[in-house]
Amino acid sequence: MDEDLPDSVKKCLDILEENVEILTNLEFDLDDEREDELVPNMELHNLYDMAEDVSTAAKIKRAESSFTRRQAEDSF
């Protein structure tokens, strides 16, 4: 019975990691849909600023996701 415990924990961690990744991907997809709204008659500098904001937001979201995933792995 004791020998099965590490295998069970490993399986649980694998399932958790897979689900965290799926949920993260869903979050990114939903955010991408919201960011795909077009605004007519924008100036070039506004488009540049918007592209920078989107890039920064994506980097932050990935960092948050990676941090959350590492915390989940460390807690087990």
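Everything here concerns the structure above.
Quick caveat, the model's predicted, so the values are computed rather than measured. (Residues numbered from 1 in each chain as written. Predicted model: local features only at pLDDT ≥ 70, side-chain atom pairs only at ≥ 80, totals over all residues. Heavy atoms only, no water.)

**Digging into the overall build of the protein**
As a reminder, the rule being used: Helix and strand assignments follow DSSP, with helices taken as H or I runs no shorter than four residues and strands as E runs no shorter than two, numbered in order from the N terminus. Classification of residues uses two cut-offs on accessible area relative to the type maximum, computed with a 1.4 Å probe and protein chains only: under 20% is buried, over 50% is exposed, and between them is partly exposed. Only the protein chains shown count as cover for residues, and all accessible areas are computed by the Shrake-Rupley method using a 1.4 Å probe.
Each helix and strand in the protein was counted, giving two helices and zero strands. Counting every position in the protein, which comprises 76 residues, the buried fraction comes to 8%. Carbon and sulfur atoms make up 56% of the accessible area of the protein, which amounts to about 6800 Å² in all.

**Notes on the pattern of salt bridges**
This is how it is decided: Each reported salt bridge corresponds to a side-chain nitrogen of Lys or Arg within 4 Å of a carboxyl oxygen of Asp or Glu.
Under the definition given, this model contains one salt bridge. Of the charged contacts in the structure, one is a salt bridge between aspartate 14 and lysine 10, with a shortest N-O distance of 3.2 Å. In this pair, aspartate 14 and lysine 10 both sit in helix α1 (residues 4-35), four residues apart, roughly one turn of the helix. On the accessibility criterion, aspartate 14 (36% relative accessible area) is partly exposed.

**Structural notes on a nonpolar patch on the surface**
The criterion, for reference: Within the patch definition used here, like charges are joined within 9 Å and nonpolar side chains (Val, Leu, Ile, Met, Phe, Trp, Tyr) within 5 Å, considering only residues with over 30% relative accessible area and no salt bridge.
Taken together, the side chains of Leu44, Leu47, Met50 and Val54 make up a nonpolar region of the molecular surface, amounting to roughly 360 Å² of accessible area. Inspection of the secondary structure assignment puts leucine 44 in helix α2 (residues 44-75).

**So, a negative patch on the surface**
The criterion, for reference: Charge convention: Lys and Arg are scored as positive, Asp and Glu as negative, and His as well as the terminal groups of each chain are ignored. By convention, the point assigned to a charge is CZ for Arg, NZ for Lys, CD for Glu and CG for Asp.
Negative charge collects at one region of the surface, where Glu17, Glu18, Glu21, Glu73 and Asp74 lie side by side. Of all the secondary structure elements, the ones that give two or more residues to the negative patch are α1 and α2. At three residues, the largest contribution of residues to the negative patch is made by α1. Mapped onto the elements of the fold, glutamate 17 is located in helix α1. A residue is classified by how much of its surface remains accessible, and glutamate 17, at 34% relative accessible area, is partly exposed.

**Things to note about the environment of leucine 13**
Mapped onto the fold, leucine 13 is located in helix α1. Sequence-wise, leucine 13 and glutamate 73 are 60 residues apart; in three dimensions their C-alpha atoms are separated by 7.2 Å.

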